[in-house]
Amino acid sequence: MKYLREFHDPATAAALAKELAYAGNSFARSGRSAVIMEVCGTHTMAIARHGIRSLLPPNIQLISGPGCPVCVTEPGYIDTAIELARRGVIVVTFGDLLAVPGSESSLANARAAGARIVVCYSPAETLRIAAQHQNSEVVFLAVGFETTIAPIVSTLEAASKNGVKNLSFLTAFKRVIPAMKALVSDTSNRIDAFLCPGHVSAIIGVEPYQEIATSGIPCVIAGFEPIDILQALLKLVDMVKNKEASVINLYSRVVRQRGNPKAQELIDTFLVPSAARWRGLGEIPDSGFSFRETWRHFDAEARHGVRIPEGRQYRGCLCGEIVKGKIPPEQCSHFGRKCTPESPVGPCMVSSEGTCAAYYKYISVQRS
Ligand code: SF4
């Protein structure tokens, strides 16, 4: 990510932190508190890396949400990918998925045992792999939110145009807004405001959050630099204090009101919203995408006659609670003991956007 000097200026950050403490304290004097959820895994990492939680007054709680695609993907997805690899399919994946535990094993273990599992940096690499292995079936592990879905669908479009016959996609696509709605409608959750994801918003735009704001929850879209985040938190505290539920875009250098219509159109050409299962959240209507009938031949489940089961997560792993913001990682008895980035037992410790990984890497260190 590009380093933007003006968004790291220590004097500005200190002034914002002071303002935030002042706003929180004046809020506390009226006996009130606020729970703000950062939805996106990139925000989770940035908040941990810059020690932003430690700047917040005690009555402002910042909890992490379900915005890490690897973390919300169920273990059964990994089981299915391993099953395909065992059948001789070449499985192409982003590196983040490699160490994620399935019910019994991981893709890394399957690869060590001889399965053909190839790590890529861009979905477009899959086209080259498919061309090089025309006598083999190739499956791309298509996991992600709208930000990742757009380049995956662009690869799909290229495969279609070039008549690629040996490529399909095992999908675990997720849409952010239905998940946010599900979190808000669960009365056992307390969320007073959302720090909304910058990357996803670059695709979907500002308008879709209006539905959340209408239900009384303020939303601020922010970038990922420390000053971006501090400004957004200050704005959210102010909005909660003044009971102002609207959508504010503080990331206008990247996010447009209507997002990226070209990417939206591309997604809409190939995919249609459908129900999806999320680790911890269960099945949420319209929170995923399925192939439109015309493109069903690219669907690895249909093509290879497999069906992604729920699977089983490691006993005692609380990733399902972590992605809902119910508990911080330290409340999992495996955290830093059985489960570390070197030997993860849950996806939240594997992913570069996982809450457990963020806490392990930055927050535990800051406290020690
Ligand atoms: S510390 Fe490990 S086992 Fe516990 S919730 Fe996080 S990833 Fe799962």
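Let us look at the structure shown here. Everything quoted here is computed from the prediction, not taken from an experiment.

### Considerations on the site of the ligand
Part 1 of the argument: Around the ligand lies a shell formed by Cys 317, Leu 318, Cys 319, Ile 322, Cys 332, His 334, Phe 335, Cys 339, Val 345, Gly 346, Met 349 and Cys 356.
Part 2 of the argument: Here the shell around the ligand is composed, by residue class, of 10 nonpolar, 2 polar and no charged.

### Concerning the side chain of Glu 301
Part 1 of the argument: Along the chain, Glu 301 turns up in helix H13 (residues 300-304).
Part 2 of the argument: Here Ile 308 takes part through its backbone nitrogen, which lies 3.1 Å from a polar atom of the side chain of Glu 301.

### As for the pairing of strand S4 (residues 117-120)
Part 1 of the argument: Here 4 bridges tie strand S3 (residues 90-94) to S4, and the two strands are oriented parallel to one another. Among the inter-strand pairings, Val 92 is bridged to a residue of S4, identified as Val 118.
Part 2 of the argument: Handedness of the S3-helix H5 (residues 107-112)-S4 crossover: right-handed.

### Some remarks on the state of the cysteines
Part 1 of the argument: In this structure the tally under the stated criterion is 1 disulfide.
Part 2 of the argument: Note on cysteine connectivity: Cys 68 is disulfide-linked to Cys 71, with sulfurs 2.4 Å apart. Taking the torsion about the S-S bond as the criterion, the Cys 68 to Cys 71 disulfide, at about 75°, is right-handed. Neither Cys 68 nor Cys 71 differs from the other in exposure class; each is buried.
Part 3 of the argument: Sulfur of Cys 40: no disulfide; nearest cysteine sulfur belongs to Cys 68 and is 9.4 Å away.
Part 4 of the argument: Given a relative accessible area of 7%, Cys 40 falls into the buried group.
Part 5 of the argument: Distance from the sulfur of Cys 196, which forms no disulfide, to the nearest cysteine sulfur (Cys 219) is 4.0 Å.
Part 6 of the argument: Since its relative accessible area comes to 0%, Cys 196 is described here as buried.

### Some words on the sheet that holds strand S7 (residues 193-196)
Part 1 of the argument: Within the open sheet, the 5 strands sit side by side as S2-S1-S7-S8-S9. Their pairing is parallel. What marks the edges here is a single partner per strand, and that holds for strand S2 (60-67) and strand S9 (247-249). Strand-to-strand twist of the sheet, defined as the mean angle between neighbouring strand axes without regard to direction, takes the value 20°.
Part 2 of the argument: Note: strand S1 (residues 34-40) against S7, 3 bridges, orientation parallel. Considered in S7, the bridge of Glu 38 is made with Leu 195.

### Some thoughts on the side chain of Ser 105
Part 1 of the argument: Locating Ser 105 in the fold gives a position in the loop between S3 and H5.
Part 2 of the argument: Within the structure, Ser 105 has its side chain in polar contact with the side chain of Asn 109 (distance 3.4 Å).
Part 3 of the argument: If near-sequence neighbours (up to four positions away) are discounted, Ser 105 is found in contact with Ile 78, Ile 82, Val 100 and Ala 110.

### A few points about the sheet that holds strand S6 (residues 167-173)
Part 1 of the argument: If you trace the 4 strands from one edge of the open sheet to the other, you get S4-S3-S5-S6, paired in parallel fashion. Every interior strand has two partners, whereas the edge strands, S4 and S6, have only one. Averaged over all pairs of adjacent strands, the angle between strand axes in this sheet comes to 25°, irrespective of strand direction.
Part 2 of the argument: Here 7 bridges tie strand S5 (residues 138-144) to S6, and the two strands are oriented parallel to one another. Residue pairing in the sheet places Val 139 in a bridge with Ser 168 of S6.
Part 3 of the argument: Relative to the sheet, helix H4 (residues 75-86) contacts S3, S4, S5 and S6, its axis offset from that of S6 by approximately 165°.

Quick notes on the rules
Residues numbered from 1 in each chain as written. Predicted model: local features only at pLDDT ≥ 70, side-chain atom pairs only at ≥ 80, totals over all residues. Heavy atoms only, no water. Near = heavy atom within 4 Å. Nonpolar A, V, L, I, M, F, W, Y, C, P; charged D, E, K, R; others polar. Helix = DSSP H or I, 4+ residues; strand = E, 2+ residues; numbered from the N terminus. Polar contact = N/O pair within 3.5 Å; in protein donor to acceptor, adjacent residues only side chain to side chain. Pairing = 2+ DSSP bridges. Right-handed = clockwise from strand over helix to strand, strands pointing away. Disulfide = S-S within 2.5 Å. Buried < 20%, exposed > 50% of the residue type's maximum accessible area, 1.4 Å probe, protein only. Axes fitted to C-alpha atoms, helices over the stretch in contact; angles between N-to-C directions. Contact = heavy atoms within 4.5 Å.

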